[in-house]
Amino acid sequence: MCGIAGFIGTGTREDGLRMTRALVHRGPDDERFWINDDPMIFLGHQRLSVLDHDGGSQPMWSSDQRLCVIFNGEIYNHLQLRNQLIQCGHSFLSDHSDTEVLLYAYRQWGMDMLNRLNGMWAFAILDLDNTRIFLSRDRLGQKPLYYTFQKQLFAFSSELSSLTQHSRIPSNISTRALIKYYAYGYIPAPCTLYENIYKLPAGYHLSLNYQSFEYKKSQYWEYHIEPKYPAHIQMQKDQENNWSEQLLAELKQAVHCRMPADVPLGFFLSGGLDSSSVVAMALNAAKNNDIQTFSIGFHEQSFDESFYSQWMANYFGTCHHHDVLSLDKARSVLPQLIRNLDEPLGDASLLPTALLCQQTRKKVTVALGGDGADELFCGYDPFHAIKLFNLYKKCIPRAVHEGIVLLASLFPVSFKHMSMGFILRKALTGAGYSQNIWNPVWLGPLAPKELNELFHEPFELEDIYEEAIDLWETNSRLDPMDKTQIFYIKLYLQNSILTKIDRASMMHSLEVRSPFLDIHLVNLARTIPWTFKYRCFQSKYILKKALSTCLPQKIINRRKHGFGVPVGQWFGEKKLQWSDIKTPMMNSEIPRLYERQHRHLKNDHRLFLWNHWVLSQYLNEHALN
């Protein structure tokens, strides 16, 4: 796992060095770069050494010095690909470097190489014979990649804050991106906080001719739902059993292929279904006492999962490491968190995730986690709501809905984790809008009406929520449950969950691998109808069935808890406060009003207050306020 940075065109050696060294937390083990003067090309790399310590240094060149690669990620099927390439006549210098496999895969198969990779990646390949640089990001967006065109300059990097270290790249804040941030709780790709700087979306590649400066961005993979509905009851039962067996086999293989490493390896273990299943699969490939597990707890009982994580560690017989997140500890983590956040992100679970990664890195360099299962198998609360609110929308007139919303506002405010009042108010707020923006409104810190109050600049809903609307409308033939899955996988997973785990882990130089995002498992999940994933108000039905012989029923039937943080209480007690955001585009009275309402238990504004706090700290840290 590493950090990559580079540019072509206008710029100096010092620009490239600043860009690369801004990524040292992603790769503290080695720093290397390559420079060409005419045309000016800079490739920089910060390495976290995980595979082939001696043979994996980058930038890495092919034996004929015509191809060069810088790479962030892991290719889990690199040994199989290496054997195929050897049979095709290619010779390797390294012992088992997955980086070198990328060079000869590109030479052998060109851009079609991407369809053969199983892993997570962001890489750039310099092709001197074709005067081209070829960039790619993995299918689901596990590894980040930013880029920009600024006149006669093309630049790219693993992180936004690295890219802006180039002296010719301005950091002008985008008003549109700010509104999206408050609408979603993250800034969806390809947008970034800054004008004219973009994220390469998941499943895309970009090819640039560095002589003509002509480029093409293309999508090589997209998540499609292609459900195979069994024809009759007996076939349904047979197919359900078949899917369960296949899921278990694919998960086991996905975990096993992510375990090889030349450094110590561990596992996140919250005591929930997803992380527990990963550890269960790992037991088949390692002795129990060889497995180290890690978890984080809270003093606040409604947020704490310590009992379950310790119970599962005892059940598995792992060497378990546990820490507790207090407010004092949170305050000690927050300055570094904001410094390395790279771009505002409104998911408060970033805080315990960062602390979990910090504690884990003291013992291991690589950790496996359960990210992706909720998205693939309908694990989130809105899946419970989507069918209910379909009926609600048809039966409840608008005027009656407004009355119900008013009654819900009288529900007592509680700062407990996912309190009933919080859930009810969020659900009813979303139901007041069209179905195609239900999901972002349910998850986001502000609804459209509140966005209009916060921002002076007028906007169109179709512009701010264009990503969610486009996904909903282009999949109009699908059931709303399927469309909600697509929203979570293509928007929420890429821009929030995976961004969170990447930043939280890499700021502590920890590599995190996600077995549920294995391409073979994902392709299997795409074919399973939602009716087998969500049944009788039970989420992850088919996954639970698959794991029923591997995990105790206490965990199989446990209600999803989530990685919540008591930020509502912290703001209510004035233990967290922000600096004013000085910008003419925002009404500064609205945050103050929401804070007063929150402190006096008039309304629960925890999501907005946290998002606003993160943004204010980010702008101050980066001197942009």
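Remember, predicted model here, so these are calculated numbers, not experimental data. (Residues numbered from 1 in each chain as written. Predicted model: local features only at pLDDT ≥ 70, side-chain atom pairs only at ≥ 80, totals over all residues. Heavy atoms only, no water.)

Colleague: Give a description of the nonpolar core that names residues and reports values.
Modeller: Counting residues in each nonpolar core, the largest one holds 182 residues, and the members touching the most others are M113, F123 and Y182. It is helix α19 (residues 480-506) that contributes the most residues to this core, 13 residues altogether. If near-sequence neighbours (up to four positions away) are discounted, F123 is found in contact with I4, V69, I70, F71, L102, M113, L114, L117, F134, L135, S136 and L145. (Core = buried A, V, L, I, M, F, W, Y, C linked by side-chain atoms within 4.5 Å. Buried < 20%, exposed > 50% of the residue type's maximum accessible area, 1.4 Å probe, protein only. Helix = DSSP H or I, 4+ residues; strand = E, 2+ residues; numbered from the N terminus. Contact = heavy atoms within 4.5 Å.)

Colleague: I'd like a description of the pattern of salt bridges, backed by residues and values.
Modeller: A full pass over the atoms with the stated rule returns 30 salt bridges. For R32, the salt bridge is made with D30, and the minimal N-O distance between the two is 2.8 Å. Overall, R32 belongs to the partly exposed group, its relative accessible area being 41%. The salt bridge involving K143 is made with D502; its shortest N-O contact spans 2.5 Å. Here K143 is found in the loop between β7 (132-137) and β8 (146-149), whereas its partner D502 is found in helix α19, with 359 residues between them in sequence. Taking the relative accessible area as the measure of exposure, D502 reaches 2% and is therefore buried. A cluster of three or more residues bridged by salt bridges with shared partners is formed by R26, K143, E159, D342, D502 and R503. (Salt bridge = Lys/Arg side-chain N within 4 Å of Asp/Glu carboxyl O.)

Colleague: Lay out the sheet that holds strand β2 (residues 30-36) in plain terms, naming residues and giving numbers.
Modeller: Spatially, six strands are ordered β2-β3-β1-β9-β8-β10 in an open sheet, and the strand pairing comes out antiparallel. A single partner strand is all that each edge strand has here, and the edge strands are β2 and β10 (197-199). Strand after strand, the sheet turns through a mean of 10 degrees between neighbouring axes, direction not considered. Strand direction decides the pairing type here: β8 and β10, joined by three bridges, are antiparallel. (Pairing = 2+ DSSP bridges. Axes fitted to C-alpha atoms, helices over the stretch in contact; angles between N-to-C directions.)

Colleague: Before we move on, could you go through the sheet that holds strand β13 (residues 265-268) and cite the residues and values that matter?
Modeller: Reading across from one edge, β15-β14-β13-β16-β17 is the order of the five strands in this open sheet, with parallel pairing throughout. Every other strand in the sheet has two partners, leaving β15 (319-325) and β17 (511-513) as the edge strands with one partner each. Here the average twist between neighbouring strands, direction ignored, is 30 degrees. Contacts from helix α8 (residues 306-316) reach β14 (292-298) and β15 within the one sheet, and its direction differs from that of β15 by about 170 degrees.

Colleague: Lay out the pairing of β7 in plain terms, naming residues and giving numbers.
Modeller: Burial of β7 is extensive: five of the six residues sit out of reach of the surface. By the bridge criterion, six bridges tie strand β6 (residues 119-127) to β7 in an arrangement that is antiparallel. Each bridged residue has a counterpart across the sheet, and for F123 the counterpart in β7 is S136. The pairing of β7 with strand β11 (residues 204-209) spans five bridges and is antiparallel. What sits directly across from S136, in β11, is H205.

Colleague: Tell me about the packing of aromatic side chains, and please be specific about residues and values.
Modeller: The final tally for this structure, using the stated rule, is 31 aromatic pairs. Judged by centre distance (5.9 Å) and plane angle (5 degrees), the rings of F7 and F42 are stacked. With F7 in strand β1 (residues 2-9) and F42 in strand β3 (residues 41-47), this pair connects stretches of sequence that are 35 residues apart. For F42, a relative accessible area of 1% puts it in the buried group. Judged by centre distance (6.3 Å) and plane angle (80 degrees), the rings of Y147 and F149 are edge-to-face. Note on F149: relative accessible area 22%, which makes it partly exposed. Ring pairing ties together the aromatic residues Y184, Y186, Y380, F383, Y465, F487, Y488 and Y492, which thus form one cluster. Against the face of F532 rests R535, its NZ or CZ located 5.0 Å from the ring centre. In this structure, R535 is placed above the aromatic ring of Y541, and the distance from its NZ or CZ to the ring centre is 4.5 Å. (Phe/Tyr/Trp six-rings, centres within 6.5 Å; stacked < 30°, edge-to-face > 60°. Lys NZ or Arg CZ within 6 Å of the ring centre and 35° of its normal.)

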